[in-house]
Amino acid sequence: MRKLGILLAAFLWFATAQAWVIEDFSVVADIQTDGSVFFQETITADFSDNRNKRGIFRDLPFVYEDETVGKTFKTPITDISVTDEDDIPRPFEQKRDGSLISLKIGDPNVTVAEKEIYNIRYRVAGVLNRFDEHDELYWNVSGDGWETLKQQVSIRVVLPKSSEVLKVKCFTGVVGSVAQDCETELIGDSAVLASAKVLAGSQDLTIVAGFDRGLVPIPDRHYEVDWLKIIKFFLYGLLLYPLSKIVRALWRRHSQREPLVPLYEPPENVSLPEVGYLYDFNINMQDLAAIITSLCVDGAMKMKVLDQPEHDIRGYQFIKLDRNKADTQIKKYVFEKIFLGANDTFTLYPNKTIVQSDSIFGPFGMGDFERESKRFFKHDDYFMSKRRPFPKKVSTGFGKQIGPVKFIFGLIFLMMLIQFVAIAVFTLQFPLGLPIALLAASALFVPRLIASIAPWTAEGAVVRNQINGYLEFLETAEKDRINWSEAQNIFETHLPYAITFGLTDKWVSLFEGVVSLPVWLEGTTPAQMSRDLENTGKAKGTIPRSSLSDDFKPSANYYRPRRTMSSSRRSGFSSRGGRSGGGHGGGGGRSW
């Protein structure tokens, strides 16, 4: 069953890969008398389905992080050469990228043949490990960073002289796998062999070869002092100070809140879009869908679905009923924009990317809708003077004011600050300039950002508490608390607000099987209608699959040093140490 799973994964990988395959990846690891290891990789590539390639990349790791001590060390790679099957040198370029040495093999002016053989030779120092009973080579043979399938992978480890202690073990699969879908063999008293078939690009063959202790010299490992990492840690630690100031300001704002009192009706004298704005400080398609629903509930208009299954299109026809039922200024505005004056109907196709330019629907009309909504807002009365969300001006507390542009940049900085402090303190992989830039930005934006986290006025605190209490009712409403004699009216009255708060599905499911389809909606459900209206004007399409350029571009998983268990403290033969990807070597590659 496991082999069947590997074959299936390999097939799926191959079906979406780059139209080439590695037929054979064979390696000879010749352990030298000085303790280094000389490798020869013979990669047989099949390009019969894509003859427009020029060659391959081979990424070789040489910087590792010892998993047992958390420190980095290097295994120098030297004497690199590349030839073809006739041992004729192939052109290649060599470049260091992070923890990798990346080889770009091939001639940019010559396309590949159907079958290409790449002989890659190199010497690596510092990859042998010493233990009490034996020494060993713990090696990731092909690596798990390939873009394509590997049909056959094998390695032969050759010792410089005979060994009485000679043993071998192998692992296959993704990094961390303990599967052993591979074969091993002892060849005399000076060589071992391991092989596996059909490995996906993200899978690897790993070998552990043990031999007599002291057979070859193994120098002590020298860990690097990462001063850059220490400096980064210090700088990111400094960033915690402005972050703590922001958190403190938010806590002060939170501590001003009154106890929550459940409210079973919408707040009085607060318009529907204003409720949505005070909830999330945003005007969006969700609020517009709520107003349209409210117009239908009030009897100002109704909606009818126009399905065209053969074209996979679902449209909505808005039918004018009574303009006088639009009882607020913002509802009158939406009503007029839908029917454009004297028109009695308007047809909308939410799934289409192009909508009428003179309609409020779509990304262009939303700006008009937001501006018109705020004309009738009272939210200026709900916040301290010059200290309200998204204001025209914000007091910094130092006799200065800032506009919305700097406020938005402050929010962007806050998001960056949280991200980098949360991630970088643990990984410390970001460039040194980033914490310096963030510290400089904190001096400019943090005081302004803290100033914009403004307290509510007494009136604003009451309205905020009413909105939260009403939201609590919509979120926690249960069937045994509903007056079912008024179920239809309760359902439709609160539906626009459920849409505003993003609770449409919950509200509809609560009344499922109890209320009938609203008379103002024909051919669909309120939940589907809400989703369609919210998606109006959003462009449909697919994100193109990114392709690798011809420039050096190592896999993202390999820019950081690979963590390895291959250390003087844990053998690949132990139950805790043996796993695929646990040794040195590995890396990956791709075509170009």
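1. Let's talk about the sheet that holds strand β2 (residues 37-46)
The strand order across the open sheet formed by seven strands is β6-β9-β2-β1-β13-β16-β15, and the pairing between neighbours is mixed. The sheet terminates laterally at β6 (77-83) and β15 (183-187), the two strands that pair on one side only. The sheet shows a mean angle of 15° between the axes of neighbouring strands, direction not considered. When β2 meets strand β9 (residues 115-124), the two strands line up antiparallel, connected through ten bridges. Residue pairing for β9: T44 is matched across the bridge by I117.

2. What about the state of the cysteines?
Evaluation of the coordinates by the stated rule reveals one disulfide. In this model, C170 is linked to C182 through a disulfide, with the two sulfur atoms separated by 1.9 Å. What sets the handedness of the C170 and C182 disulfide is the S-S torsion sign, and at about 105° it is right-handed. Of this pair, C170 sits in strand β14 (residues 167-173) while C182 sits in the loop between β14 and β15, and the two are twelve residues apart along the sequence. Of the residues examined, C170 reaches a relative accessible area of 2% and is grouped as buried.

3. Quick look at the sheet that holds strand β8 (residues 100-106)
Adjacent strands of a sheet form backbone hydrogen bonds with each other and so pair up, either parallel or antiparallel. Here five strands make up an open sheet; going across it, the order is β7-β8-β3-β26-β12 and the pairing mixed. The open sheet is flanked by β7 (92-97) and β12 (145-146), the only strands paired with a single partner. Both strand β3 (residues 55-61) and β8 contribute to a ladder of seven bridges, which runs antiparallel. For L60, the partnering residue across the bridge sits in β8 and is I101.

4. Looking at the environment of T525
With respect to the helices and strands, the residue T525 is situated in the loop between β23 (521-522) and α12 (526-534). A relative accessible area of 40% means that T525 is categorised as partly exposed. Linking T525 and V508, residues 17 residues apart in sequence, is a C-alpha distance of 8.8 Å.

5. Some points on helix α10 (residues 487-500)
In this model, α10 (14 residues) spans 20 Å end to end at C-alpha, consistent with the 20 Å of a helix rising 1.5 Å per residue. H494 marks the point of greatest bend in α10, at about 40°, and the proline P496 comes within the next four residues. Buried residues dominate α10, accounting for eleven of its 14 residues. Taken as a whole, α10 has its buried residues at A487, I490, F491, E492, H494, L495, P496, Y497, A498, I499 and T500. G502, located one to two residues past α10, shows a positive phi value of around 75°.

What counts and how
Residues numbered from 1 in each chain as written. Predicted model: local features only at pLDDT ≥ 70, side-chain atom pairs only at ≥ 80, totals over all residues. Heavy atoms only, no water. Pairing = 2+ DSSP bridges. Helix = DSSP H or I, 4+ residues; strand = E, 2+ residues; numbered from the N terminus. Axes fitted to C-alpha atoms, helices over the stretch in contact; angles between N-to-C directions. Disulfide = S-S within 2.5 Å. Buried < 20%, exposed > 50% of the residue type's maximum accessible area, 1.4 Å probe, protein only. Expected span 1.5 Å × (residues − 1). Bend = angle between axes of the 7 residues up to and from the residue.

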